[in-house]
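Given next are the chains, with one letter for each unit.
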Amino acid sequence: MTKEQDFEIFLAAAPGLEDVLCGEVRLKGFKQPRAVPGGVVIRGGWPEVWRANLWVRGAGRVLARIESFPVTHLAQLDRRARRVPWAEILRPDIPIRVEASCAGSRIYHAGAAAERIETAIRETLGAPHAPDGGILVRARIEQDLCTISVDTSGDLLHRRGHKQAVNRAPLRETMASLFLLQCGYNGAEPVLDPMCGSGTFVIEAAEIASRLNPGRSRHFAFEQLATFDAEAWQRMRDVKSARMPAARFYGSDRDAGAIVMSQANAERAGVAACTEFRVATISDLAPPAGPPGLVIANPPYGTRIGDKQTLAPLYRTLGQTLLRRFAGWRVGIVTSESSLAYATGLPFLPTTAPVPHGGLRVSLFRTAPL
């Protein structure tokens, strides 16, 4: 597996959002993306790995699949792991760690499998093992087929690198961007979040419209691989596509602390000039001047913040306010409680499968233009 070789690249997504991520990957110009359980597969070389980390908003991590082989017992795994060209991919001076999973296979002990691969890497390459090693090697043994991947992202990709303040139960930026896409958002219309918390939806929408790369403010694990070319990576990062969007992006919240957080996060993200945040209750909500766009919110669900019975009036007020004042606007509401969503009285389109989020399963409830 040299720098010039073509291989399989896996972009992870929350189960239920694979098709949405596939649409984004296709729009970003990656060839022949294919949705699979848990994410999207593309083919390419290391430049495509770097681009995927830098460009793709909805992926949680990017894995380079470096080897795949049948295996039925640990001694065989040990032999095959020693034949992987580790020196072409890993550096001997960077600590690694190995994680394994087993499903439907004669090798069923994930810990023993990980240990064999760790030993193979240490004895063939010399790279030390450390529980907090900067490079994660993943082995998935399923139906007696072992697939070995290198996690090229490091920190999960929702950690954009410019958001420091968060509120309780925050929605990950990766998931927020996919929900925006699912609502048909393409960067050309205003977006308003009436319960903006730390500003995730507003900032993601503003970044999309501003054509800012989501990975522009952070480092990635691939920078510590033997395949890394610092000059080529710098040229990729230096390509400027940013623009000032025609639309504006609005967040409001009844909590003044949330507004301060949102403004600080927008400033760090470089989108303060096209975003506006203010303290307001739901009943104060009014559409900004200009064309209609998208109202999107991640209200409290009752299972983590507040109580379902006390939250129903909030949802009802939200729905009544939107129906009365926001003609022509589309609405997206993320919640784990369908009863709360329907308490709004909004005319929702058919929902898709719920998506895991923080130990819950949430759904996006969408409307056509009101």
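Scoring rules and cut-offs
Residues numbered from 1 in each chain as written. Predicted model: local features only at pLDDT ≥ 70, side-chain atom pairs only at ≥ 80, totals over all residues. Heavy atoms only, no water. Pairing = 2+ DSSP bridges. Helix = DSSP H or I, 4+ residues; strand = E, 2+ residues; numbered from the N terminus. Axes fitted to C-alpha atoms, helices over the stretch in contact; angles between N-to-C directions. Buried < 20%, exposed > 50% of the residue type's maximum accessible area, 1.4 Å probe, protein only. Contact = heavy atoms within 4.5 Å. 1 Å grid on protein atoms, 1.4 Å probe; cavity = no way out; pocket = protein on both sides within 12 Å on 5 of 7 lines; lining within 4 Å. Points joined across faces, edges and corners; volume = space filled by probe spheres on them. Nonpolar A, V, L, I, M, F, W, Y, C, P; charged D, E, K, R; others polar. Phe/Tyr/Trp six-rings, centres within 6.5 Å; stacked < 30°, edge-to-face > 60°.

- Looking at an unreviewed UniProt entry, one finds the protein chain named Class I SAM-dependent RNA methyltransferase and attributed to Nguyenibacter vanlangensis.

**Thoughts on the sheet that holds strand 14 (residues 360-366)**
Part 1: If you trace the seven strands from one edge of the open sheet to the other, you get 10-9-8-11-12-14-13, paired in mixed fashion. Edge positions in the sheet fall to strand 10 (275-279) and strand 13 (355-357), since each has one partner strand and no second. Direction aside, the axes of adjacent strands within the sheet are offset by 20° on average.

**A look at helix 6 (residues 200-210)**
Part 1: Counting buried positions along helix 6 yields ten of eleven residues, so the element is predominantly enclosed.
Part 2: Within helix 6, the full set of buried residues consists of T200, F201, V202, I203, E204, A205, A206, E207, A209 and S210.

**What about the sheet that holds strand 7 (residues 145-151)?**
Hydrogen bonds between backbone groups are what pair the strands of a sheet, and the pairing can be parallel or antiparallel.
Part 1: The seven strands lie next to each other as 2-3-1-4-7-6-5, forming an open sheet whose pairing is mixed. Lying at the two open borders of the sheet, with one neighbouring strand each, are strand 2 (34-36) and strand 5 (96-103). Recorded for the sheet is a direction-independent mean angle of 30° between the axes of neighbouring strands.
Part 2: Sheet topology note: the strand 1 (residues 7-12)/strand 4 (residues 62-70) ladder contains four bridges and is antiparallel. Looking across to strand 4, one finds that I9 is bridged to A64.
Part 3: Running at roughly 30° to strand 3 (residues 39-44), helix 1 (residues 18-27) makes contact with strand 1, strand 2 and strand 3 of the sheet.

**Regarding empty space enclosed by the protein**
Part 1: Per the stated rule, a full pass over the model turns up one cavity of 30 Å³ or more.
Part 2: Of the pockets and cavities examined, the largest cavity occupies roughly 30 Å³.
Part 3: Considering the residues around the largest cavity, the lining is formed by R160, H162, K163, E173, T200, I203, E204 and E207.
Part 4: The residue inventory of the lining of the largest cavity, partitioned by class, reads one nonpolar, two polar and five charged.

**Focus on the packing of aromatic side chains**
Part 1: Taken as a whole and assessed by the stated rule, the structure comprises 13 aromatic pairs.
Part 2: Measuring from ring centre to ring centre gives 6.0 Å for F30 and W55, while their planes differ by 65°; the resulting arrangement is edge-to-face. Here F30, found in the loop between helix 1 and strand 2, pairs with W55, found in helix 2 (residues 46-55); they are 25 residues apart in sequence, far enough to count as distant.
Part 3: Residue F30 is classed as buried on the basis of its relative accessible area of 8%.
Part 4: Relative to W233, the ring of F220 has its centre 6.0 Å away and its plane inclined at 85°; by these criteria the two rings are edge-to-face.

**What to know about the pairing of strand 12 (residues 330-335)**
Part 1: Where burial is concerned, most of strand 12 is hidden: six out of the six residues are buried.
Part 2: Of the two faces of strand 12, the one carrying R330, G332 and V334 and the one carrying V331, I333 and T335 are both buried.
Part 3: Here strand 11 (residues 294-297) pairs with strand 12 via four bridges, running parallel. The partner of A297 across the bridge, within strand 12, is I333.
Part 4: The pairing of strand 12 with strand 14 spans four bridges and is antiparallel. Each residue of the ladder has a partner; that of I333, found in strand 14, is F365.

**Remarks on the layout of surface pockets**
Part 1: Estimated volume of the largest pocket: approximately 1,100 Å³.
Part 2: Forming the boundary of the largest pocket are 47 residues, of which F10, A12, G38, L63 and R65 lie nearest the centre.
Part 3: If you list the elements that add at least two residues to the lining of the largest pocket, you get strand 1, strand 4, strand 5, strand 6 (135-142), strand 7, helix 5 (173-182) and strand 13.
Part 4: Sorting elements by how many residues they give to the lining of the largest pocket places strand 4 first, with five residues.
Part 5: Its residues assigned to classes, the lining of the largest pocket comprises 23 nonpolar, twelve polar and twelve charged.

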